[in-house]
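Structure assessment
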Amino acid sequence: MMVYALVLAAALPAAKPQDLEVSLTPSPGRLTVQLAVTHQIPEEWSRALVGGAPVSITYRLRLFRNRRWLWDQRLSGHELVVEAQRDPLTGVFTLIARQDGEVLASGHAASVEEAIHWVTHPPPAAIPVPLRHEPLWLVVRAEYLTKYKLLVIPSTVGTQWVTRAVPEAP
Amino acid sequence: MKRWRRAWERYRRQTRFLVAVYLVLMALAGGAFWLFARLRELPPEELTNRLLVFLLWWFDLTLIAVLLFMLLRNLTKLALERHHGVFGSRFRAKLVLSYLVLIFGPTLLVFLLSASLLSHAAARWFSEPVEEMAAQGTALATGLRAQAEARARRAATTVARELARVGEGRAARLATLERLHALLGNHLTGLWRDGATVVELQDPRAEELRRLPALAQEALASSGQRSERAGGTLVVRAWEVMADGSVVVVGEALPPELVAAQARLAAAGAAYQQLKLQRTAMTATMVLGFGGFALLVVFAAVWLGLHLSRRFTAPLLSLVASTERAARGETLEEVPLPADDEVGLLVESFNAMVRRLKEKEAALQETVHRLDTVLRGIRTGVLTMDRERTSVIGNPAAAALLGMPQLASRPLALEELAAAGNARLVETLRSAAGPVRGSVTVEAAGVARALELAVLPLGDAAQPQGWVVALEDLTQLLRAQRQAAWSEVARRIAHQIKNPLTPIRLAAERIARHAERGGESLSAVVPQGCAAIVEHVQAMQEMVDAFALYAKLPPVSLRPTHLGQLVTQLATLYDGLRPNLHFRVQDHLGDQQVMADPEQLRQALANLFDNAAEASPDGGEVVISLARSENEITITVADRGAGIDGSDPELLFQPFYSTKGRGSGIGLAVVQRIVADHGGTVRLLPREGGGVEAVVTLPLD
């Protein structure tokens, strides 16, 4: 198990650097997160989408509480999974966004550009935040695919982890 | 707590227990991962892929860890055993290393080759032709749909243009719609105004068109087309907005068979794309699975190799342990039979040898016990001396003879033995270069003893392993022999003196008787009586001289002597002593010289020649032959006399014994003494054809 964890840990930092824009809109008890991937989507991902395979981008959101003398405390973790699939007969792209398993939004797109824009600019996710005036950090990442280096070493293709300070609610 | 610890210690080394723990841990880890994945609501296929890869990783890494632990543990143990020189460790190390090389080499090669083949095979599955085929399938489906949409769009444009030309009259438009619907072969031709259907013509064969939902009002704001699935087929609808706001709608339902084929083609393309996304995961799964299988094979082979190496060497180690215990002086024990194979045969042979050795050891113990009893009981002293002649131990008789009781209980140094009055014995023991027989006088504990000894080497005489000395106390025997000899001498002297005394006494009595009578006869008797007395006194004088000669024989003075010449010269003197009596010498010695005292030897031979000459008849011949064997010289004096008259030949060598009725009877006794002083022997044997052979043997050294 330890070796497996070490291999995973060694594999994770090897992900290619990706750009991810994060804009935060605080409100009492809630934080609205608007995400946008500005980097080019992997070609095999786009090709699979055009070919009719179901593809998705998983946005991982992790909320941390900053502690002065100790390590940051993880308050919560969320997943925003945006799925897209093209119907080869009608040429219509079906789009669904789920946050922590619940459908957040859905739609259709007539072209692949529209579909990619939809999944790289997902609908804003709202996550609960504690009503305390403490420094909070949001760490976000977008994951496209899981590959295996040297045949057997897992490697996730996605953006780097982006850290943003959670602004205080007005 | 102790009970749990004992139970743990008891089960810790059991393979089944370890395997069960391993399986339980694996099941727990797999279950935990599955629950974790379910909580995160991963897609089933992703869950399957990740779980499978995770389990394979876990399985492979556990196998690698167990294998490394087992190898390191056993190799370290082997290295330590080899360092400490444990028997069998070198053989086991060679066996294990051979196993490892034979297992790891081919397995690693096969694994790398298989992984490469799997990777290339996966790459070929997703090769460019397949990719092109899948893409073309998808493009074909898309093209068919686009073609149908373009056809519907053209039809809608044509209908809208014709309606605009005929004006807004309802009847004219209806007639134009019916004409164009039939002419263009549309499945649906309709006219909409303000979001409501003005007229709609449908092909009765296209029932799917009836179930289609109405087009949305906002969609009809501008011209366009749409494809929708309906009832197992694809329906394409196109619409054209006219200048007066009316909308012409034209629809077409594609054939279901064509749509179904198109759908299958598209689904295959989608499935291909999905598989392509999972290509690396599939390759990883296969490689990890094959790696796990290879590791299982390696694990089983290594475990089997280690087990076999222990199984092969265990009986040999038992054999060595048993022999080492025997070498330390412990009892040689049998080894349990390991199996019915060659090693088992070896062990069985060893056990048979152990049984035979035990039987021989028991017999030897019994013999030693019996010998010890004999040695303790006999009156002959027995000493055993080590090869270097430094210490000696003896039986109780030897201890008593040498006046050292401690000699029977522990080994004593020779110096200690010499200091106790046994110096001459020790000197003899130290100077013995081989088998020695002789006599020695010791003064043990102030008592003088005459001992006859025999020194014999143990084992090879050239390189003896030790020495055995037998001691016989001759003190009493010599004393008795001496007394007997004196008695015999006194008896014989009395007998020899008594014979002449009687005639002397008779002569004296006759002279005395004639002297009392007086007369003339006295003058005649006195000279006769005196002559007789003088004659017998002379005989007594000769007897006394012979006795003196026998008693006064000097010790022999050995020097190189040409025996042939000595015998020839002496025979020449005797030849012709009597008429027709000849002495003939047969000399087979040549120039051979022997160590002898020539004067004494000449005297002894003269005695033998005298006897032969007296015994031989007239015209006879005395033959003297000289011969040599390996280590002795033989002198034979043969005559043709009357021979031995049946009396014991040994009596002839006794002093004053004679069968001739004359002489002193000392001649043969002198011969025997001289020959004995030379270390030789003399015998009288009857000669074939009559006569006597006197055989004298003298040692060459």
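Since we're looking at a predicted model, the values are computed, not measured.

1. Things to note about the overall build of chain A
Each helix and strand counted, chain A has 3 helices and 10 strands in total. If you list the helices and strands of chain A from N to C, you get α-β-β-α-β-β-β-β-α-β-β-β-β. Out of the 170 residues in chain A, the part that is buried amounts to 30%. Of the contacts formed within chain A by residues at least 6 apart in sequence, a portion of 60% connects residues at least 24 apart.

2. Considering the interface of chain A and chain B
How large an interface is tends to be reported as the accessible area lost when its parts come together. Every contact between the two is made by 21 residues of chain A and, on the other side, 33 residues of chain B. Counting residues per element, the ones that place at least two in the side of chain A that touches chain B are helix 1 (2-11), helix 2 (43-50) and strand 8 (136-149) of chain A. Taken together, the residues that form the side of chain A that touches chain B break down as 12 nonpolar, 6 polar and 3 charged.

3. As for the sheet that holds strand 13 (residues 582-587) of chain B
Residues and elements named next belong to chain B. The strand order across the open sheet formed by 5 strands is 13-15-16-18-17, and the pairing between neighbours is mixed. The open sheet has two free edges, formed respectively by strand 13 and strand 17 (681-686), since each of these has just one partner strand. When the angles between neighbouring strand axes are averaged without regard to direction, this sheet yields 15°. With respect to the sheet, helix 14 (residues 563-574) is in contact with strand 13, strand 15 (621-628) and strand 16 (632-638), its orientation differing from that of strand 13 by roughly 170°.

4. Some remarks on the confidence of the model for chain A
All names here are of chain A. Summing up the model confidence of chain A, the mean pLDDT is 84 and the portion of residues at 70 or higher is 89%. Highest mean pLDDT in chain A belongs to strand 5 (residues 93-99) (95); lowest belongs to helix 1 (48). Here residues 1-6 scores under 50 on pLDDT; set against residues more than four positions off or in separate chains, the count is 4 contacts.

5. Things to note about the environment of Arg505(B)
By the secondary structure assignment, Arg505(B) is in helix 12 (residues 475-517). As for Arg505(B) and Ile533(B), which are separated by 28 residues in sequence, their C-alpha atoms are 8.4 Å apart.

6. Quick notes on the environment of Ile674(B)
All names here are of chain B. Residue position: Ile-674 is located in helix 16 (residues 667-677). The buried category is assigned to Ile-674, around which 24 C-beta atoms lie within 10 Å. For the pair Ile-674 and Ala-604, spaced 70 residues apart in sequence, the C-alpha separation works out to 6.7 Å. Leave out the neighbours within four places in its chain, and Ile-674 touches Gln-600, Leu-601, Gln-603 and Ala-604.

7. A word on helix 8 (residues 279-327) of chain B
In an α-helix, one turn spans 3.6 residues, which is why side chains three or four residues apart end up on the same side. All names here are of chain B. Here helix 8 spans 69 Å end to end across 49 residues, near enough to the 72 Å set by a 1.5 Å rise per residue. Ala-314 marks the point of greatest bend in helix 8, at about 30°, and the proline Pro-315 comes within the next four residues. Backbone geometry just after helix 8 places Gly-329 at a positive phi near 100°.

8. Points about the packing of helix 12 of chain B against helix 13 (residues 521-551) of chain B
Residue and element names in this part refer to chain B. Following both chains from N to C, one finds helix 12 and helix 13 inclined at 165°, their axes separated by 9 Å at the closest point. Judged by the inter-axis angle, helix 12 sits roughly antiparallel to helix 13. Seen from above, helix 12 lies across helix 13 with left-handed handedness. Packed against helix 12, whose contacting residues are Gln-496, Ile-497, Pro-500, Pro-503, Ile-504, Ala-507, Ala-508, Arg-510, Ile-511, His-514 and Ala-515, the element helix 13 presents Ser-521, Leu-522, Val-525, Val-526, Gly-529, Ala-532, Ile-533, His-536, Ala-539, Met-540 and Met-543 at the interface. Its residues placed into classes, the contact of helix 12 with helix 13 shows 16 nonpolar, 5 polar and 1 charged.

9. Things to note about the confidence of the model for chain B
Residue and element names in this part refer to chain B. The share of residues in chain B with pLDDT of 70 or more is 93%, and the mean pLDDT across the chain is 82. Between the elements of chain B, mean pLDDT differs from a low of 68, seen in helix 2 (residues 15-39), to a high of 92, seen in strand 16. Overall, residues 41-45 carries pLDDT values under 50, and its contacts beyond four positions in sequence, including any with other chains, amount to 3 contacts. Reported for the predicted complex are a pTM of 0.49 and an ipTM of 0.74.

10. Focus on the nonpolar core
Residues and elements named next belong to chain B. Residues Ala-156, Val-159, Val-248 and Val-250 are the most contacted members of the largest nonpolar core, which totals 65 residues. By residue number, the principal contributor to this core is helix 5 (residues 128-166), which donates 8 residues. Counting 35 residues, the second largest nonpolar core, distinct from the first, contains Ala-546, Phe-609, Ile-624 and Val-682.

11. Description of the pairing of strand 5 of chain A
Along any regular strand, the residues point their side chains to alternate faces of the sheet. All names here are of chain A. Because side chains alternate across strand 5, one face comprises the buried residues Phe-93, Leu-95, Ala-97 and Gln-99, and the other comprises Thr-94, Ile-96 and Arg-98, none of which is buried. By the bridge criterion, 7 bridges tie strand 4 (residues 73-86) to strand 5 in an arrangement that is antiparallel. Note that in strand 5 the partner of Val-81 across the bridge is Arg-98. Where strand 4 folds back onto strand 5 in an antiparallel hairpin, the turn is made up of 6 residues, including Gly-91, whose phi is positive at roughly 75°. Relative to strand 6 (residues 102-109), strand 5 runs antiparallel, the two sharing 7 bridges. Across the sheet, the residue bridging to Leu-95 is Gly-107, located in strand 6. Here strand 5 folds back onto strand 6 in antiparallel fashion, the turn holding 2 residues, of which Asp-100 has a positive phi close to 50°.

Rules of the game
- Residues numbered from 1 in each chain as written.
- Chains lettered and ligands numbered in written order.
- Predicted model: local features only at pLDDT ≥ 70, side-chain atom pairs only at ≥ 80, totals over all residues.
- Helix = DSSP H or I, 4+ residues; strand = E, 2+ residues; numbered from the N terminus.
- Buried ≥ 20, exposed ≤ 12 C-beta atoms within 10 Å, placed from the backbone.
- Contact = placed C-beta atoms within 7 Å.
- Nonpolar A, V, L, I, M, F, W, Y, C, P; charged D, E, K, R; others polar.
- Pairing = 2+ DSSP bridges.
- Axes fitted to C-alpha atoms, helices over the stretch in contact; angles between N-to-C directions.
- pLDDT = per-residue confidence, 0-100.
- Expected span 1.5 Å × (residues − 1).
- Bend = angle between axes of the 7 residues up to and from the residue.
- Parallel < 35°, antiparallel > 145°, perpendicular 65-115°, else oblique.
- Left-handed = near helix turned anticlockwise from the far one by under 90°.
- Core = buried A, V, L, I, M, F, W, Y, C linked by C-beta atoms within 7 Å.

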